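One letter stands for each residue in the lines below.
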Amino acid sequence: MENLIIFYIFALIIVFTILGIKMKNTKKYFISLSVTTAVVVLGIVAGVLPTNIGKCGDKAWFTYNIYKTARVYGNGSISFIKFDENGVEKKKIVPVEVKKVILKNGITEINKKAFYGYENLEKVEIPNSVTNIENHAFYRTGLKEINISQNVKSIGEYAFAYTNLKEINIPDNINNIEQGVFEGCANLENVILPNTITVINASTFSKCTKLSNIKLDNIKKVSDYAFSETGLQEINLPDEIELTSGRAFYRCEKLEKIKVSDNNANYFVKDDVLYAKRNYNTGEKIELVLYPAGKQNTSYLVDESVDTICSGAMTANPYLKQLDIEAKVIEQNAIYGENIETINITDSFELIYKYAIYGCENLKKLTINGKTYENDDITYMLEHSWKNNNIKVDA
């Protein structure tokens, strides 16, 4: 029964029709009518009597009251949305106005896209019986507050993406954060990671623009775009951490400071720029991994000690206008800066990959091995790979 108000009205009519027939005392009849009606109305107003009820799982059902609160009872998995066999949404089961959801003990799993698009949903209470939150479970809801119980063992991809969460405390039972779990949470300011989590996957905190600080003490690996476009101002890299590339902190325009543990054998910082020491068969090589997007220098020299400028290393810095490069190799998509006007690559280079420099809309002068290019010639040079002596090595 989806609308219990109608049910209550019909029930009252039936009950009092029968009473009217049986009761000869009109005064008692109207007293009974008034009291019973008052009880029903008060029950609805108090939220005790629901206005809606229905199934939200094979063994689960919900009640919904006038205060826009849904309570979910039963066992197993739940979803507030019905999907067809192709995964396309057919119907929202619970009114879209719902603001608060209370899951009762017995519910074990929150299904894929269970609350997808419930923009008015602000708070969810999760009981200890829940162990799994699937992909996109709360994607694009208005969620501001959630308590994740200590028994939750897995949280799926983009489960809380594009919500209004301000803080999150991840339980100790979780040892992996899937891709994009908190992407686009623009109000997220505080994150507590348990010691069990050692990997931050791709886009996990991407576009969390108010996230200015996070502890990475136990993190071993950070994937591409994990913290892209966040409000991070400073990062501290622990002993054994590994970045898949500088894109892990892509477009962090407030990031000015990078610190590395003294015991970290793989990374070091010079002039607030992050470098890596790599051991290859040909010997140790120095790689420029991350030039902070918030570093306010207008010019920078990548000196001859640097073997490679890595992909994603120097991107989206609004201050940098002139770049001098003595490095041997510039990887694809290594340099991106809308305000860069001049790039000078000396004759020490060995290989410039195709699109190593891209998106530099204001680039007016590009010098490679002593030869200067302008206008359309710049575009031509950047669309191809080059070896020293300006030998093109691609079609």
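On a predicted model such as this, the values are computed, not experimentally measured, just so you know.

**Student:** With reference to specific residues and values, describe the overall build of the protein chain.
**Tutor:** If you tally the helices and strands in the protein chain, you get three helices and 34 strands. Within the protein chain, the fraction of its 395 residues that count as buried is 45%. Taking the intrachain contacts of the protein chain between residues at least 6 apart in sequence as the baseline, contacts between residues at least 24 apart amount to 29%. For the protein chain, the accessible area works out to roughly 19,600 Å², and carbon and sulfur atoms hold 47% of it.

**Student:** I'd like to hear about the sheet that holds strand 10 (residues 132–133), residue by residue, with values.
**Tutor:** Backbone-to-backbone hydrogen bonds pair the strands of a sheet. The strands run either parallel or antiparallel. The four strands lie next to each other as 4-8-10-12, forming an open sheet whose pairing is parallel. Each edge of the sheet is formed by a strand with only one pairing partner; in this case those strands are strand 4 (76–78) and strand 12 (154–155). Pairing analysis gives three bridges linking strand 4 to strand 8 (residues 107–110), with the strands arranged parallel. For Gly 76, the partnering residue across the bridge sits in strand 8 and is Ile 107.

**Student:** Talk me through the pattern of salt bridges; I want residue IDs and the actual numbers.
**Tutor:** Using the criterion set out here, one finds 14 salt bridges in the structure. With a shortest N-O distance of 3.8 Å, Glu 145 and Lys 123 are connected by a salt bridge. With Glu 145 in strand 11 (residues 145–147) and Lys 123 in strand 9 (residues 123–125), the pair connects residues that are 22 residues apart, well separated along the chain. A relative accessible area of 45% means that Glu 145 is categorised as partly exposed.

**Student:** Explain the sheet that holds strand 11 to me, and be specific about the residues and the numbers.
**Tutor:** The strand order across the open sheet built from six strands is 1-2-3-7-9-11, with neighbouring strands paired in mixed fashion. With one partner strand each, in any of the chains shown, strand 1 (52–57) and strand 11 form the two edges of the open sheet. For this sheet, the mean inter-axis angle between neighbouring strands, taken without regard to orientation, is 15°. Of the pairings in the sheet, the one linking strand 2 (residues 60–64) to strand 3 (residues 69–74) comprises five bridges and is antiparallel in character.

**Student:** Help me get a handle on the layout of surface pockets, residues and values and all.
**Tutor:** Estimated volume of the largest pocket: approximately 260 Å³. Breaking the lining of the largest pocket down by element, the ones donating at least two residues are strand 1, strand 4 and strand 5 (81–83). The class makeup of the residues in the lining of the largest pocket is three nonpolar, six polar and four charged. If you add up the space inside the second largest pocket, you get close to 200 Å³. If you trace the second largest pocket, you find 15 residues lining it, with Val 191, Ile 192, Leu 193, Ile 214 and Lys 215 closest to the centre. Among the residues making up the lining of the second largest pocket, the classes are represented as eight nonpolar, four polar and three charged.

**Student:** I'd like to hear about the nonpolar core, residue by residue, with values.
**Tutor:** With 71 residues, the main nonpolar core has Phe 138, Phe 160, Phe 182 and Phe 205 as its most contacted residues. Within the residue set of this core, elements represented by two or more residues are strand 2, strand 3, strand 7 (100–103), strand 8, strand 17 (234–237), strand 19 (257–260), strand 21 (273–280) and strand 22 (283–290). Filtering out sequence-adjacent residues up to four positions away, Phe 205 remains in contact with Phe 182, Leu 188, Val 191, Leu 193, Ile 200, Leu 211, Ile 214, Ala 226, Phe 227, Ser 228 and Thr 230. Counting 34 residues, the second-largest nonpolar core is a separate cluster that includes Ile 309, Ala 327, Ile 340 and Leu 382.

**Student:** Tell me what's going on with the packing of aromatic side chains, and back it up with residues and numbers.
**Tutor:** This structure, assessed with the given rule, holds 17 aromatic pairs. A ring pair is formed by Trp 61 and Tyr 73, whose centres lie 6.0 Å apart and whose planes are at 20°; its orientation type is stacked. Taken together, the residues span a long stretch of sequence, with Trp 61 in strand 2 and Tyr 73 in strand 3 at a distance of twelve residues. An aromatic cluster is built from Phe 62, Phe 80, Phe 115, Tyr 118, Phe 138, Phe 160, Phe 182, Phe 205, Phe 227 and Phe 249, whose rings are joined through pairwise contacts. Directly above the ring of Tyr 118 sits Lys 92, whose terminal nitrogen or CZ lies 5.6 Å from the centroid. The ring of Tyr 162 has Arg 140 sitting right over it, with the charged end atom 4.3 Å from the ring centre.

**Student:** Describe empty space enclosed by the protein, with residues and values.
**Tutor:** If a probe the size of a water molecule is rolled over the atoms, the empty space left behind becomes visible. The final tally for this structure, using the stated rule, is three cavities of 30 Å³ or more. The space that makes up the largest cavity amounts to roughly 50 Å³. Here the residues of the lining of the largest cavity sort into eleven nonpolar, one polar and no charged.

**Student:** Account for unusual backbone geometry, with residues named and values stated.
**Tutor:** What you tend to see is this: most non-glycine residues have negative phi, and most peptide bonds are trans. You will see that Tyr 158, though not glycine, has its phi angle at about 55°, which is positive. Its place among the elements puts Tyr 158 in the loop between strand 12 and strand 13 (167–169). The class for Tyr 158 is buried, based on a relative accessible area of 16%. At Lys 207, a residue that is not glycine, the phi angle is positive and equals roughly 70°. Among the secondary structure elements, Lys 207 is positioned in the loop between strand 15 (199–200) and strand 16 (221–222). We classify Lys 207 as partly exposed; its relative accessible area is 35%.

Scoring rules and cut-offs
Residues numbered from 1 in each chain as written. Predicted model: local features only at pLDDT ≥ 70, side-chain atom pairs only at ≥ 80, totals over all residues. Heavy atoms only, no water. Helix = DSSP H or I, 4+ residues; strand = E, 2+ residues; numbered from the N terminus. Buried < 20%, exposed > 50% of the residue type's maximum accessible area, 1.4 Å probe, protein only. Contact = heavy atoms within 4.5 Å. Areas by Shrake-Rupley, 256 points an atom, 1.4 Å probe, with all protein chains shown as cover. Pairing = 2+ DSSP bridges. Salt bridge = Lys/Arg side-chain N within 4 Å of Asp/Glu carboxyl O. Axes fitted to C-alpha atoms, helices over the stretch in contact; angles between N-to-C directions. 1 Å grid on protein atoms, 1.4 Å probe; cavity = no way out; pocket = protein on both sides within 12 Å on 5 of 7 lines; lining within 4 Å. Points joined across faces, edges and corners; volume = space filled by probe spheres on them. Nonpolar A, V, L, I, M, F, W, Y, C, P; charged D, E, K, R; others polar. Core = buried A, V, L, I, M, F, W, Y, C linked by side-chain atoms within 4.5 Å. Phe/Tyr/Trp six-rings, centres within 6.5 Å; stacked < 30°, edge-to-face > 60°. Lys NZ or Arg CZ within 6 Å of the ring centre and 35° of its normal.

Everything listed here is a matter of geometry and, on its own, says nothing about what the molecule does.
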